[in-house]
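This is what each chain is made of:
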Amino acid sequence: PIGYGRGGLVVLDLATAPHLLVGGVPGGGKSAFLHQAAATMLQHGTQVYIIDLKRLEFAYLRNHARVVCTEGEAVQLLQTLCREMDQRLNALELAGVVKVQDAPRATEMPYVAIVIDELAELQAEPFYLALNRLLRLCRAVGISIIASTQRPSVKVLDGDSRAMFAARLCYQVADEINSRMVLGEAHSEAAYLPGIPGRGVWRFGYKITEVQ
């Protein structure tokens with residue numbers, strides 16, 4: 001669930017995206033969204049991995065998801081998931097199918113979601129090498145990335161990496177530039193949101209919806 005729009009509840013099938021970028025100022029709603037997203041995915045049997053450099057935000061989920069709290073652990077996690085992606089690609093190739101949804105039951109693979117809380121806190125080059133590889137190649141194998149950041153500038157995500165996020169959710173931001181960084185060059189709508197926690201602009205494909 002993304003939020004309520006004028007037409008009712010807005011829902012994303014993450015496998016169709018498969019990556020989601022979340023932006024906005026502190027207190028705007030990013031963390032609350034990540035909590036409900038993680039809870040929903042866990043309820044549906046998704047393997048959830050959380051990168052939480054703030055250390056305390058997702059501590060309560062340690063018995064249900066793998067939570068890593070240092071940059072070194074984050075690098076190791078993404079490198080491990082790159083190897084998992086390669087194994088899945090090999091299995092799908094041997095099965096003669098192009099995506100995990102079509103795999104025979106003998107090679108059934110659970111969906112995997114990587115939740116990154118405040119992407120800008122991560123600076124290590126090996127982390128971004130692994131992240132970019134996953135963003136480019138993991139769609140077919142059932143691995144998705146949900147990345148949150150206050151301001152996804154080119155210092156955080158270059159243009160090619162940002163383009164891999166087909167789904168975008170932007171809460172209140174400081175100005176039009178920040179709105180366009182999250183939603184895309186033609187979309188400054190998030191700069192004019194009322195200062196209501198949880199009020200955001202949702203974009204998937206060409207459709208723009210204001211949600212709460």
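Higher on the page you've got the structure.
Residues numbered from 1 in each chain as written. Predicted model: local features only at pLDDT ≥ 70, side-chain atom pairs only at ≥ 80, totals over all residues. Heavy atoms only, no water.

Draft legend 1. Molecular detail of helix α5 (residues 176-183). What α5 keeps buried is the set Asn178, Ser179, Met181, Val182 and Leu183. Next to the buried residues of α5 lie β3 (20-23), α4 (159-163), β8 (167-171) and β9 (200-204). Where α5 begins, the capping side chain belongs to Asp175, and its oxygen is found 3.2 Å from the backbone nitrogen of Ile177. Phi turns positive, to about 120 degrees, at Gly184, one or two residues after α5. (Buried < 20%, exposed > 50% of the residue type's maximum accessible area, 1.4 Å probe, protein only. Helix = DSSP H or I, 4+ residues; strand = E, 2+ residues; numbered from the N terminus. Contact = heavy atoms within 4.5 Å. Polar contact = N/O pair within 3.5 Å; in protein donor to acceptor, adjacent residues only side chain to side chain.)

Draft legend 2. Inspection of a nonpolar patch on the surface at higher detail. A contiguous nonpolar patch, built from Tyr4, Leu9 and Val11 and spanning about 340 Å² of accessible area, is present on the exposed surface. The exposure class assigned to Val11 is exposed, which follows from its relative accessible area of 56%. (Patch = residues over 30% accessible without salt bridge, like charges linked within 9 Å, V, L, I, M, F, W, Y side chains within 5 Å. Areas by Shrake-Rupley, 256 points an atom, 1.4 Å probe, with all protein chains shown as cover. Salt bridge = Lys/Arg side-chain N within 4 Å of Asp/Glu carboxyl O.)

Draft legend 3. Highlighting the pairing of strand β6 (residues 112-117). Burial within β6 is extensive, with 6 of its 6 residues counted as buried. Neither face of β6 is left uncovered, since the one carrying Val112, Ile114 and Ile116 and the one carrying Ala113, Val115 and Asp117 both have all their residues buried. Bridge count for strand β4 (residues 47-52) against β6 is 6 bridges, and the pairing is parallel. Pairing of Ile51 across the sheet is with Ile116, part of β6. Between the parallel pair β6 and strand β7 (residues 143-149), the chain is carried across by helix α3 (residues 125-137), and the sense of this crossover is right-handed. (Pairing = 2+ DSSP bridges. Right-handed = clockwise from strand over helix to strand, strands pointing away.)

Draft legend 4. Quick look at the sheet that holds β4. Ordered by their spatial adjacency, 8 strands build an open sheet running β5-β4-β6-β7-β3-β8-β9-β10, and the pairing between neighbours is mixed. Looking along the sheet, the strands with just one partner apiece sit at the ends: β5 (66-68) and β10 (207-211). Here the strands of the sheet are splayed against their neighbours by 15 degrees on average, with no regard to which way each runs. In terms of strand pairing, β3 meets β7 through 4 bridges, oriented parallel. Its bridge partner being in β7, Leu21 is matched across the sheet by Ala147. On top of the sheet, α5 reaches β3, β8 and β9; it is set at about 155 degrees to β8, its chief contact. (Axes fitted to C-alpha atoms, helices over the stretch in contact; angles between N-to-C directions.)

Draft legend 5. Focus on the layout of surface pockets. Its boundaries defined by the atoms lining it, the largest pocket holds a volume of some 460 Å³. Looking at the largest pocket, it is lined by 21 residues, and the ones nearest its centre are Leu12, Asp13, Leu14, Thr40 and Met41. Looking at the lining of the largest pocket, the elements with two or more residues in it are α1 (30-43), β6 and β7. With 5 residues, the top contributor of residues to the lining of the largest pocket is α1. Among the residues making up the lining of the largest pocket, the classes are represented as 14 nonpolar, 6 polar and 1 charged. Of the volumes computed, that of the second largest pocket is approximately 160 Å³. In terms of lining residues, the second largest pocket is bounded by Val25, Pro26, Gly27, Gly28, Gly29, Lys30, Ser31, Ala32, Lys54, Asp117, Glu118 and Gln150. Sort the elements by how many residues they give to the lining of the second largest pocket and α1 lands first, with 3 residues. Taken together, the residues of the lining of the second largest pocket sort by class into 3 nonpolar, 5 polar and 4 charged. (1 Å grid on protein atoms, 1.4 Å probe; cavity = no way out; pocket = protein on both sides within 12 Å on 5 of 7 lines; lining within 4 Å. Points joined across faces, edges and corners; volume = space filled by probe spheres on them. Nonpolar A, V, L, I, M, F, W, Y, C, P; charged D, E, K, R; others polar.)

Draft legend 6. Quick look at the environment of Gln212. By the element assignment, Gln212 lies in the segment after β10. Sequence separation between Gln212 and Trp202 is 10 residues; the distance between their C-alpha atoms is 9.8 Å. In this view, Gln212 contacts Gly3, Tyr4, Ile196, Pro197, Gly198 and Arg199; residues no more than four positions away in its chain are not counted.

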